[in-house]
Each structure stands twice: as structure tokens, then as C-alpha cells.
Amino acid sequence: MLMKLLAEAGLPDGAANLVLGAGPTTGAPLTEDPRVDMVSFTGGLVTGRRIMAAAAPTVKKVALELGGKNPNIVFADADFEAAVDHALMAVFLHSGQVCSAGARLLVQEELHDAFVDELVERAQAIPLGGPFDENARTGPLISAAHRDKIEAYVAAGLAEGAVLRCGGTRPEDPALQDGFYYLPTVLDDCTPDMSVVRDESFGPVLTVERFRDEAEAVVLANATVYGLTGAVWTEDVARGQRVASRVRAGTLWINDFHPYVPQAEWGGMKQSGFGRELGPAGLAEYQEAKHIWRNLVPSPLRWFE
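Structural notes, computed from the coordinates. (Residues numbered from 1 in each chain as written. Predicted model: local features only at pLDDT ≥ 70, side-chain atom pairs only at ≥ 80, totals over all residues. Heavy atoms only, no water.)

### Description of the packing of aromatic side chains
Phase 1 of the analysis: Tallied over the entire structure, the rule returns six aromatic pairs.
Phase 2 of the analysis: When the ring of Trp253 is compared with that of Phe257, the centres are 4.8 Å apart and the planes differ by 50 degrees; the resulting orientation is tilted.
Phase 3 of the analysis: A residue is classified by how much of its surface remains accessible, and Trp253, at 7% relative accessible area, is buried.
Phase 4 of the analysis: Members of the aromatic cluster, joined through ring pairs, are Trp253, Phe257, Tyr260 and Trp266.
Phase 5 of the analysis: The ring centre of Phe75 lies 4.2 Å from the NZ or CZ of Arg239, which sits over that ring. (Phe/Tyr/Trp six-rings, centres within 6.5 Å; stacked < 30°, edge-to-face > 60°. Buried < 20%, exposed > 50% of the residue type's maximum accessible area, 1.4 Å probe, protein only. Lys NZ or Arg CZ within 6 Å of the ring centre and 35° of its normal.)

Here is the structure:
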């Protein structure tokens, strides 16, 4: 469909080509080939590192949009209803299989108990189902292997001291036994040193951390090798702007989570990658600056006379 639309838009034949195949047999040769001037990749950190290494011998341009472990920071003065609703959407949309998922919830101490209690109650009520179930609000994981990975991830978090508030298992509903389903999961009392907080699960798992004040919130938010997205929830306009400017991530939302618009560039910092998609900055990734000089009145320099 993409190629059909490009043709209808008038793109010349051969300007865009769709090549399908597995990474080792298709992606790797394209990445290594000296005739390829630029590689843009969206995916996992491990593959991104391999692409950088493969592109190095030919010194080609690379743009990487990799993983994320994105903090969703909620201050005590936030709009409670909106913040809870968006916290659910941030992590459980598409069963958490989103690079920008708000999988780390940072809640100010005085709000923590009421906020997490409400969040857990709503998470337990999220209906799971397949693509043709009109009542479903989230679906299965991509494969059995990925579900196994999520189960191991949660088990590691519990072993490290996280408190299971809901989920943490496969659903018992007989109608869901044929799919790779995993219940929306909330792990409370987490700390930055836990692997469940550091590592990207890419699944329906939310970790909860507490913070005392603005300074601690920023420290916790930045305590990750990733830097893709984040959000700040507060009614204090100045504080929202301060925190957003201090969190190292390519996109920061204030009193919102997950909006994407084609006019705004998208990309990460740190090990979430480099380069941008969307907007003028995204188009610039595919361009090269070139300087052409024309002397309108050439004359001898006579330097060596």
C-alpha cells in the first residue's frame, strides 16, 4: 500500500523500493554495502549497535531510533483523573509494545498511595482480546518467546524486591488461551538499581518509584541509559517547564502522553539513538549539505611570482 501511494503521488519509478527479508540476509547486506549512503533504523538497542558497527567501514550516515525506558513523572498537584488515565494509556497501549511507552511511573510521595491504588484498580479492569473483539482495549504480545521474556522480567523484579500490585501472570480466561496474552502488571516500591527499572521490557509492565521533590524527580528520571520520551504532570506551569528541560530525552510531554504529530521531530538521546524522524529535522536526515562556489570575476593570484 505504501508503494502504491508513492506511485500515485508521482514519485518516479525506482526512487523508492521495498525489499522484504530477514535481518541477516537482507538488512545486513544493505547496511554494509558501500553504495548505500545512509541507513535509518527503528528497533532495538542490540540491533542498533550492530548497524553502527556494520556502517563504520564505509563511513555512511546512520540515524537510529532505538528503545526507551521512559519516565512518567506525576507531582502531587497534577490533575488526578487525567494523570491516572494517561498513566494507563502510557504503558498498556498495545500491551506495552511501544518504544515510547511510559513504563516508569514516578509519583510524588504524598500522592503515591491514592494514585497507585486507583491505577491498580483500573488496570485490573482492562479488557484483553484479539483484533476482532470490539470490547478489547489491549491485545496479545507478539510471540510466545516474547511472553516468556516478560515473565522472566517480572520474576527478576519480584526477586529484587518489587511489590506486585496486580497482574504478573497469564490470564485465566479460556477465550484467551490461544493467544500470547499477559495481564497488565504493576510493580510498586521499585528503585533505580533494579533491572526491572533499568531494562526495557516492551510489555505491559509498569514500575512505580516514589520521589520527594522536584530535584529528586529529575535525578530519578535521568537514571537510565535511555532518553527517548518522558512526561511531567503538574499544575505549576513553571515547574513543568523546568523539569521538562532538565530531563534528557528527545520528547517531553507536559500534562499529556503519547501524542505524535508529523510536524514535530521525533528521536532519542543517549542509548535511545540519534537522528530524527518527522518534521523538517526528519527530512534533513536524508539530505547532505553541499557547498558550490563560483568566482564571477576570476583573476590570477600571482602568489608565486
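Still more to cover.
### A few points about unusual backbone geometry
Phase 1 of the analysis: Phi is positive for Val59, close to 50 degrees, though the residue is something other than glycine.
Phase 2 of the analysis: Tracing the chain through its elements places Val59 in the loop between α3 (45–55) and β2 (61–65).
Phase 3 of the analysis: In this model, Lys270 sits at a positive phi of 50 degrees, which is unusual for a non-glycine residue.
Phase 4 of the analysis: Mapped onto the elements of the fold, Lys270 is located in strand β11 (residues 269–270).
Phase 5 of the analysis: Looking at Lys270, the relative accessible area reads 28%, which means it is partly exposed. (Helix = DSSP H or I, 4+ residues; strand = E, 2+ residues; numbered from the N terminus.)

### So, the nonpolar core
Phase 1 of the analysis: Grouped together as the largest cluster of nonpolar side chains are 30 residues, with contacts concentrated most on Val74, Phe92, Leu105, Phe115, Leu119, Val186 and Leu206.
Phase 2 of the analysis: Elements with a contribution of two residues or more to this core: α4 (80–92), β4 (104–108), α5 (109–124), β7 (205–211) and β9 (229–233).
Phase 3 of the analysis: Of the residues forming this core, the biggest block, seven residues, is contributed by α4.
Phase 4 of the analysis: Those residues in contact with Leu206, other than ones at most four positions away along the chain, are Val91, Phe92, Gly102, Ala103, Arg104, Leu105, Leu119, Thr185, Val186 and Leu187. (Core = buried A, V, L, I, M, F, W, Y, C linked by side-chain atoms within 4.5 Å. Contact = heavy atoms within 4.5 Å.)

### Let's talk about the environment of Val163
Phase 1 of the analysis: When you line up the elements, Val163 lands in strand β5 (residues 163–166).
Phase 2 of the analysis: The class for Val163 is partly exposed, based on a relative accessible area of 34%.
Phase 3 of the analysis: Excluding its chain neighbours within four sequence positions, the residues that come into contact with Val163 are Leu158, Val186, Leu187, Asp188 and Asp189.

### Thoughts on the pairing of β9
Phase 1 of the analysis: Counting buried residues along β9, five of its five residues qualify, which places the element largely inside the surrounding structure.
Phase 2 of the analysis: In this structure, strand β3 (residues 71–74) lies alongside β9, joined through three bridges in parallel fashion. Residue pairing across strands places Asn72 opposite Ala231, the latter belonging to β9.
Phase 3 of the analysis: Sheet topology places β9 next to strand β10 (residues 251–254); four bridges connect them, and they run parallel. Residue pairing across strands places Val232 opposite Ile254, the latter belonging to β10.
Phase 4 of the analysis: A crossover connection joins β9 to the parallel β10 through helix α9 (residues 237–246); in handedness this β-α-β unit is right-handed. (Pairing = 2+ DSSP bridges. Right-handed = clockwise from strand over helix to strand, strands pointing away.)

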